[in-house]
Amino acid sequence: MQGLVWSLCALLCLSLWEESYCRSSRETQRTKEPFLLRSRRAPIDPNSKQCSYTFLVPEQRITGPICASTTGPEPDKDRVTRMDIADVREVLNKQRREIETLQLVVDVDGNLVNEMKLLRKESRNMNSRVTQLYMQLLHEIIRKRDNSLELAQLENRVLNVTSEMMRLASRYKDLESRFATMAGVVNNQSILITALEEQCLRSLGRGELAPAPPLVQAVPQNIPVDNRFTNEIQRNSRAFTRGSRKNSPTVSPFGIEPPPPQGTLTSDGPFKDCFQVRQAGHTTSGMYLLKTDNSDRLIQAWCEHGLDNGGWTVLQRRRDGSVNFFRNWENYKASFGNIDGEHWLGLENIYNLSKQGDYKLMIELEDWAGKKVYAEYSSFHLEAENQGYRLRLGTYQGNAGDSFTSHNGKQFTTLDRDKDAFTGNCAHFHKGGWWYNACGQTNLNGVWYSGGVYRSKFQDGIFWADGGGFYSLKSVRLMIRPID
Ligand SMILES: [Ca+2]
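Residues numbered from 1 in each chain as written. Predicted model: local features only at pLDDT ≥ 70, side-chain atom pairs only at ≥ 80, totals over all residues. Heavy atoms only, no water.

For the protein, an unreviewed UniProt entry supplies the name Fibrinogen C-terminal domain-containing protein and the organism Oryzias javanicus. Looking at the Subcellular location (unreviewed entry) heading of the UniProt record, one finds this comment for the protein: "Secreted". (UniProt positions renumbered as here; feature names shortened; annotations may be inferred.)

Structure below.
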């Protein structure tokens, strides 16, 4: 009995081991099957390794029935079937198609991304352009605003100037009215003065007052319109008080070199006249010492060497009104003024100079427009003092017009010595000393007026009738030189 139990136990253990071995073999085969399928691509016969049971029956006596199983092994639930593979393949195909679909979607999305990038780039460019245009627009707006502001300022200025012009016009009209009033007052005063003079003369028993000399009404041809009736009369007080003033050398209006300072005479000499100075080789215009043949007196004279080959002895010069020429006989007989400026060389000196030989006279005239003209007389000399320094002139030539011949043969008249042909004293009316006739066509020793046209009760400017009786010249020179 005990042997039978041990036999049954051994049989049971053997069957358990066999079963576990077969299971492990199948598992091993299952794990290797894909490889086998991929390598051999041959179907595996599931029945080739099928286990079988071997029954070891101990040698004993069987006392009961023995049962044997007639059913086959149980089917393996983990076995991979073809159906599974087909399913997997179908799933794989399905997944592949989905992947392809997704790939297409990704490709489409990629194109969309690229387009989106392009659109973004274009959008940035458009934004930049819009910003630029906006800045330009702002600039234009600011510029137009500035222009508008400037235009408004200009309009204001124009309005202000217009207002100022209107104010000035009103002021000018006011001044015109006041001037007319003053002119009326002056006329009334002139009439009153004339009446008082007549009354005074009657009371003194001198008879009737001598009438004024006839006025020279020749109208100048070249008076600037702007100067007409706009120039102020020269301050007579200035002219009177500056008679002995020493002027500093100034630039000659005729382009002559500046003279040396007064008192610095050339060491050479004395000379007979300036022509002799020129012959001695002096070419610089200036002050030279002269001594005439008929006198022991030394004369300071201005020699002009810058005009017509030089050698001219200057008898008289006017240019700036710095010297008073309304003087008496003794002054005119001697000399006065500044040799390097306005001066009168003196009747006695002129008489002695002109007596040395045959001289010609050059008169140079310059108006306020800078135009220069000249009058030349072929001969010139004076008679002695006992003849009143009578003027002797030759024939005229030049472009100034002959206004001096009417004075030919006349004696010299000053405020204190009346030798003229007029009933009164021409020097009183013309305020100078000259070879007056009655009274004449020239007054080159008259009052120096600034600007040309002058207003005066008498015709007392520095006039040359062919240049206008009421036109006072800017500069004048009288010069003599021996006849060629
Ligand atoms: Ca007289």
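Novice: Outline the overall build of the protein, listing residues and values.
Specialist: Across its full length, the protein carries seven helices and ten strands. Within the protein, the fraction of its 484 residues that count as buried is 32%. When the accessible surface of the protein is totalled, it reaches about 30,900 Å², and 55% of it is carbon and sulfur. (Helix = DSSP H or I, 4+ residues; strand = E, 2+ residues; numbered from the N terminus. Buried < 20%, exposed > 50% of the residue type's maximum accessible area, 1.4 Å probe, protein only. Areas by Shrake-Rupley, 256 points an atom, 1.4 Å probe, with all protein chains shown as cover.)

Novice: Any chance you could break down helix α6 (residues 347-354) for me, citing the residues and the numbers?
Specialist: Most of α6 sits out of view: eight of its eight residues are buried. For α6, the complete set of buried residues consists of L347, E348, N349, I350, Y351, N352, L353 and S354.

Novice: Tell me about a positive patch on the surface, residues and numbers included.
Specialist: A surface patch of like charges, here positive, comprises K117, R120, K121 and R124. Residue placement: R124 occurs in helix α2 (residues 82-204). (Patch = residues over 30% accessible without salt bridge, like charges linked within 9 Å, V, L, I, M, F, W, Y side chains within 5 Å. Salt bridge = Lys/Arg side-chain N within 4 Å of Asp/Glu carboxyl O. Lys, Arg positive; Asp, Glu negative; His and termini not counted. Charge placed at Lys NZ, Arg CZ, Asp CG, Glu CD.)

Novice: Just give me the short version of empty space enclosed by the protein, but keep the residues and values in it.
Specialist: With a probe scaled to a water molecule rolled over the atoms, the places where space remains empty come into view. Applying the stated criterion across every chain yields a total of two cavities of 30 Å³ or more. A volume near 40 Å³ is recorded for the second largest cavity. Every residue lining the second largest cavity is listed: A212, P213, P214, L215, F429, H430, F458 and Q459. (1 Å grid on protein atoms, 1.4 Å probe; cavity = no way out; pocket = protein on both sides within 12 Å on 5 of 7 lines; lining within 4 Å. Points joined across faces, edges and corners; volume = space filled by probe spheres on them.)

Novice: Give me the lowdown on the coordination of the calcium ion, citing residues and values where you can.
Specialist: Here the calcium ion is held by the protein donor atoms D418 (OD), D418 (OD), D420 (OD), F422 (O) and G424 (O), which lie 2.0 to 2.4 Å from it. Between the donor residues of the calcium ion, the gaps in sequence give the motif D-x1-D-x1-F-x1-G. A relative accessible area of 12% places F422 in the buried class. (Donors = N, O, S within 2.8 Å, 3.2 Å for Na, K, Ca; no water.)

Novice: I'd like to hear about unusual backbone geometry, residue by residue, with values.
Specialist: Note the cis peptide between A438 and C439, where omega equals 0 degrees. Among the secondary structure elements, C439 is positioned in the loop between α7 (426-430) and β10 (475-482). Even without being a glycine, N309 presents a positive backbone phi close to 70 degrees. Among the structural elements, N309 can be located in the loop between β2 (298-304) and β3 (312-318). Judged by its relative accessible area of 65%, N309 is exposed. Of note, Y389 is a non-glycine position whose phi angle comes to about 50 degrees, a positive value. Looking at the element boundaries, Y389 is found in the loop between β7 (372-382) and β8 (391-393).

Novice: Can you break down the pattern of salt bridges residue by residue, with the values?
Specialist: Under the definition given, this model contains 15 salt bridges. Salt-bridge contacts for E140 lead to R143; the nearest nitrogen and oxygen are separated by 3.0 Å. With a gap of three residues between them, E140 and R143 both fall in helix α2, about one helical turn apart. Of the residues examined, E140 reaches a relative accessible area of 34% and is grouped as partly exposed. Here R143 falls in the partly exposed class, since its relative accessible area comes to 38%. A salt bridge links R167 to E164, with the nearest nitrogen and oxygen atoms 2.7 Å apart. In this pair, R167 and E164 both sit in helix α2, three residues apart, roughly one turn of the helix.

Novice: Outline the nonpolar core, supporting the account with residue identities and numerical values.
Specialist: With 53 residues, the main nonpolar core has L361, I363, F404 and W464 as its most contacted residues. The element contributing the most residues to this core is β7, with five residues. With near-sequence residues (within four places) excluded, I363 lies in contact with V373, Y374, A375, Y377, F404, L444, W464, R477 and L478. Core analysis: the second largest hydrophobic core is formed by seven residues, W302, V314, M362 and M479 among them. (Core = buried A, V, L, I, M, F, W, Y, C linked by side-chain atoms within 4.5 Å. Contact = heavy atoms within 4.5 Å.)

Novice: Lay out the packing of aromatic side chains in plain terms, naming residues and giving numbers.
Specialist: Here the distance between the centres and the angle between the planes together describe a pair of aromatic rings. Scanning the model with the defined rule gives 21 aromatic pairs in all. On the basis of an interplanar angle of 40 degrees and a centroid distance of 6.3 Å, the ring pair of F404 and W464 is categorised as tilted. Pair noted here: F404 is in the loop between β9 (396-398) and α7 and W464 is in the loop between α7 and β10, with a separation of 60 residues, a long-range link. Using a relative accessible area of 0% as the deciding quantity, one classes F404 as buried. You can call W464 buried: its relative accessible area is 2%. Over the face of the ring belonging to F325 we find R318, whose NZ or CZ atom lies 3.8 Å from the ring centre. Positioned above the aromatic ring of W329, the side-chain terminus of R417 is 4.3 Å from the ring centre. (Phe/Tyr/Trp six-rings, centres within 6.5 Å; stacked < 30°, edge-to-face > 60°. Lys NZ or Arg CZ within 6 Å of the ring centre and 35° of its normal.)

Novice: Before we move on, can you summarise a nonpolar patch on the surface with the specific residues and values?
Specialist: A cluster of nonpolar side chains, Y134, M135, L137, L138, I141 and I142, forms an exposed patch at the surface whose accessible area comes to about 570 Å². In this structure, I141 sits in helix α2. A relative accessible area of 38% places I141 in the partly exposed class.

Novice: Describe the state of the cysteines, naming the residues involved and giving the relevant values.
Specialist: Inspection of the entire model under this criterion finds two disulfides. Between the sulfur atoms of C274 and its disulfide partner C303 the distance amounts to 1.9 Å. Every disulfide takes its handedness from the sign of the S-S torsion; for C274 and C303 that torsion is -75 degrees, giving left-handed. On the criterion of sequence distance, the pair formed by C274 in helix α4 (residues 274-279) and C303 in strand β2 is long-range, its members being 29 residues apart. With a relative accessible area of 0%, C274 lands in the buried category. We classify C303 as buried; its relative accessible area is 0%. For C426, the disulfide goes to C439, at an S-S distance of 1.8 Å. Note on the C426 and C439 pair: the S-S dihedral is about -90 degrees, so by sign convention the disulfide is left-handed. (Disulfide = S-S within 2.5 Å.)

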